[in-house]
Amino acid sequence: MFKNAVASLLCVVTLSYAGIELTKHNLSVSGPGAVKAVSETEICVFCHIPHHEKEGTPLWNRKMPTSVYTLYDSEFISRINYPTPQQPSEVEGQPGIVSRQCLSCHDGTVAIGAVYIVRGTELGNSVIQMQNVNPDGTLPSTLRTFIGTDLSIHHPVAIEYNPNIQKTFGDGSVKTVELRNPHPLPPIKLYTYGGKSYVECTSCHDPHKQNKQFLRVDVGNLAQDFKQTCISCHDKPGWTTSPHNTDTRTYTDTGVTQHYGEGSAVSVADLGCGNCHKPHNTPPYPPSGKPLLRKPEEQTCFKGAAGQSNLAPCHGAGGAKDIESLLPPDRTYGHPVKTISDIHTIMDVLYGFTSTEVDPASSFSVKFSDSKHAECMDCHNPHKASAGTHAQNTGPQGWYPQNPTNLVSNVLAGVYGVEPLWPSARWTQPSTFNTMAEAQKEYQICMKCHSRWGLGDSPNGDCTTQFTSDQSGIKLTDQSCEFNPYNRSAHPVVMTTNEMLALGSRYADPLTPSQLLSPWDTNVGNQTMYCTDCHGADAEDGVDPRGPHGSTHKFMLKGPNTNWPTKSDGTLYTTGDVKAGTTDGLFCTNCHDLTQADVHMLTRPMAMYSIACVECHVAVPHGSPISRLIGYRTMPEPYNYNYNGTLMLKLDGFVWNTVVQRRDAYSTDNNCGCHWNAGGYDTYP
């Protein structure tokens, strides 16, 4: 029996030796790497000794580092209440001892040749002489294998593996840490200390394995091994069908091909998680604790693992789906993804202006006052997003939905959002919002920023805010206030017109089918809209990727007609233009058939034809406290359009009727021609 046991042990030793001999962990003079001994021929001695071993397992022979490390931390870990990593320990039975063993070479503080015993002789202060190391024998910081003592830019080690931790949002939805439960897929290994499971360096790496990067996973080339290593622990909902897991388009960057493909083509699907993330030496840009992205924020989306966007099948200029070229400053108007950087955080949606939560990370939020930003991940979840926008190729305009709904589309799936709790008082900012782990409707994503949650209290007690657009110079407004379904009128973004009528405070009935163009002339009154039915790229009919990334048109208005409230020559659209049919370019005519405008108005004397649209209607047509998007002269900018220094709204009163009559409108302006005062008007404020 003893002979058999010895034979088995020798077999294991022989196999391990054969595996490591051809790897860079063979630090003997026969090793294939640049860092190796000057003359030492033994291979195992650099880590192991059969007798008189020191702390560490198994049979450890190296000097352990005494470093104090800067540990990985992030606002996500803090905000979801996940245990932070522990300082790697030198003591067996405590988290981190096996990681500190690896760091005894890779942190650059201990000489590579600093071992205790060689062939029975204690070296004391002597070390095995090595080639291509620093003068003190340590690993050069210029090498890819250098880890250093700053562990904040590396995947955390000595960190507990706990898939049961989660965060409950205001609407009762839950965000988990998205780890496989109860343990990773093999061959990933966890270490148990004090009854808890921990991740260490050797959870992912086997230092004896003859494999790329010493990864335990061995399913293909380095790209495929990298991806499978990540998803062995990280279980991202929706990942299976995500393009980042399935897209077969390939990189043309030779560096990616050589390193990850080992000379063969590397596709998005091959690299998977590695398109965006690096487990080691991620850029140390602020704020600390980024989710190990390859490049600062949006540059990761543009370039992926490539050095240039035109060499990557990603979202940069020259890439597979160019979003980069749509964004300011390349386009005049749009979300400032490229012009505001370094303040994006993952769960900042939790901390808007009316939040009562205390941020344990003391990090950024969605507040314009100190955290104004726009990043790709504010609107897209790269792990869950999949092909398919809400706008199908139906109808003459091409991108408007035939059966509109405000539910999120595939490309917006899995994104944080907020749902306002609508006050029954019209034209009033919501005071309470429910945060959502996953927005169910598109407007809930937009209102993270374009509402009181991000913009704060109105200085006027209405829907205006204290902030001005950097692009248009126009005051920003609170869209949760404007789309409040208790307002007298609003486009049906939150709910259908019939649903708003059922609330009892809305006056205006749905338009008739004859007043709308296809596809909006179907099922009138039971439709909802998207914010992106009106706002998007210049040419969403097959040229530009769809979505409100950026545009040359003011307010990112999209469609065949993109002017509002002025024509391309800067003059205002008027009732005379409607009468004469010269409304080319008028944004409203994308959906509304103005040839069916009220007959009474179109048969008025010529004096009526010079009335501008914005002399009666609010210039921000999201919603109004008055029926039919009417505005009163007492309303502030930007609802009261300022044309050449003159505020345009003229009405002092308006009463809803199914058929508009002259006496329904009241004005004290002698130039208006609406002087009837029958009473019963909508009031403002």
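How each quantity is defined
- Residues numbered from 1 in each chain as written.
- Predicted model: local features only at pLDDT ≥ 70, side-chain atom pairs only at ≥ 80, totals over all residues.
- Heavy atoms only, no water.
- Helix = DSSP H or I, 4+ residues; strand = E, 2+ residues; numbered from the N terminus.
- Buried < 20%, exposed > 50% of the residue type's maximum accessible area, 1.4 Å probe, protein only.
- Contact = heavy atoms within 4.5 Å.
- Areas by Shrake-Rupley, 256 points an atom, 1.4 Å probe, with all protein chains shown as cover.
- Lys, Arg positive; Asp, Glu negative; His and termini not counted.
- Charge placed at Lys NZ, Arg CZ, Asp CG, Glu CD.
- Pairing = 2+ DSSP bridges.
- Disulfide = S-S within 2.5 Å.
- Salt bridge = Lys/Arg side-chain N within 4 Å of Asp/Glu carboxyl O.

Visitor: Whenever I open this one, the overall build of the chain confuses me. Can you help?
Guide: Broken down by element type, the chain carries 17 helices and 21 strands. When the backbone C-alpha atoms are referred to their principal axes, the chain occupies close to 110 × 45 × 45 Å. Each of the 685 residues in the chain was classed as buried or not, and the buried ones make up 51%. If you take every contact in the chain between residues at least 6 apart in sequence, the share linking residues at least 24 apart comes to 60%. Total accessible area on the chain stands at roughly 30,400 Å², and carbon and sulfur atoms take up 54% of it. The positive charge centre, built from 50 side chains, and the negative charge centre, built from 64, are 1 Å apart in the chain.

Visitor: Sorry if this is basic, but what is going on with the sheet that holds strand 9 (residues 196–199) here?
Guide: One open sheet holds the three strands; their spatial order is 5-9-8, and the pairing between them is antiparallel. Among the strands making up the open sheet, the edge pair consists of strand 5 (159–160) and strand 8 (191–193).

Visitor: Help me understand the state of the cysteines in this model?
Guide: The bond known as a disulfide is covalent and runs between the sulfur atoms of two cysteines. Here the structure, examined in full by the defined rule, presents one disulfide. Note on cysteine connectivity: C463 is disulfide-linked to C481, with sulfurs 1.9 Å apart. Taking the sign of the S-S torsion, -65° for the link of C463 and C481, the bridge is left-handed. Here C463 is found in the loop between helix 13 (452–455) and strand 13 (464–468), whereas its partner C481 is found in helix 14 (residues 479–482), with 18 residues between them in sequence. The exposure class of C463 is buried, given its relative accessible area of 0%. A relative accessible area of 0% places C481 in the buried class.

Visitor: Can you walk me through the pairing of strand 11 (residues 417–420) in this structure?
Guide: In the case of a regular strand, side chains alternate between the two sheet surfaces. Here strand 11 shows no split at all, with G417 and E419 on one side and V418 and P420 on the other all buried. In this structure, strand 11 lies alongside strand 12 (residues 433–436), joined through four bridges in antiparallel fashion. Directly across from V418, in strand 12, lies its bridge partner T435.

Visitor: Whenever I open this one, the pattern of salt bridges confuses me. Can you help?
Guide: Close approach of charged atoms allows side chains of opposite charge to pair. Enumeration over the complete set of coordinates arrives at 24 salt bridges. Where D235 meets R180, a salt bridge forms, and the shortest distance between an N and an O atom there is 3.9 Å. With a gap of 55 residues between them, D235 in the loop between helix 5 (222–231) and helix 6 (243–246) and R180 in the loop between strand 7 (174–176) and strand 8 connect regions that are remote in the sequence. Judged by its relative accessible area of 22%, R180 falls in the partly exposed class. Its salt-bridge partner being D218, residue K212 comes within 3.8 Å of it at the nearest N-O pair. D218 sits in the partly exposed class, given a relative accessible area of 45%. Overlapping salt bridges, with partners in common, bring together K212, D218, D225 and E262 in one network.

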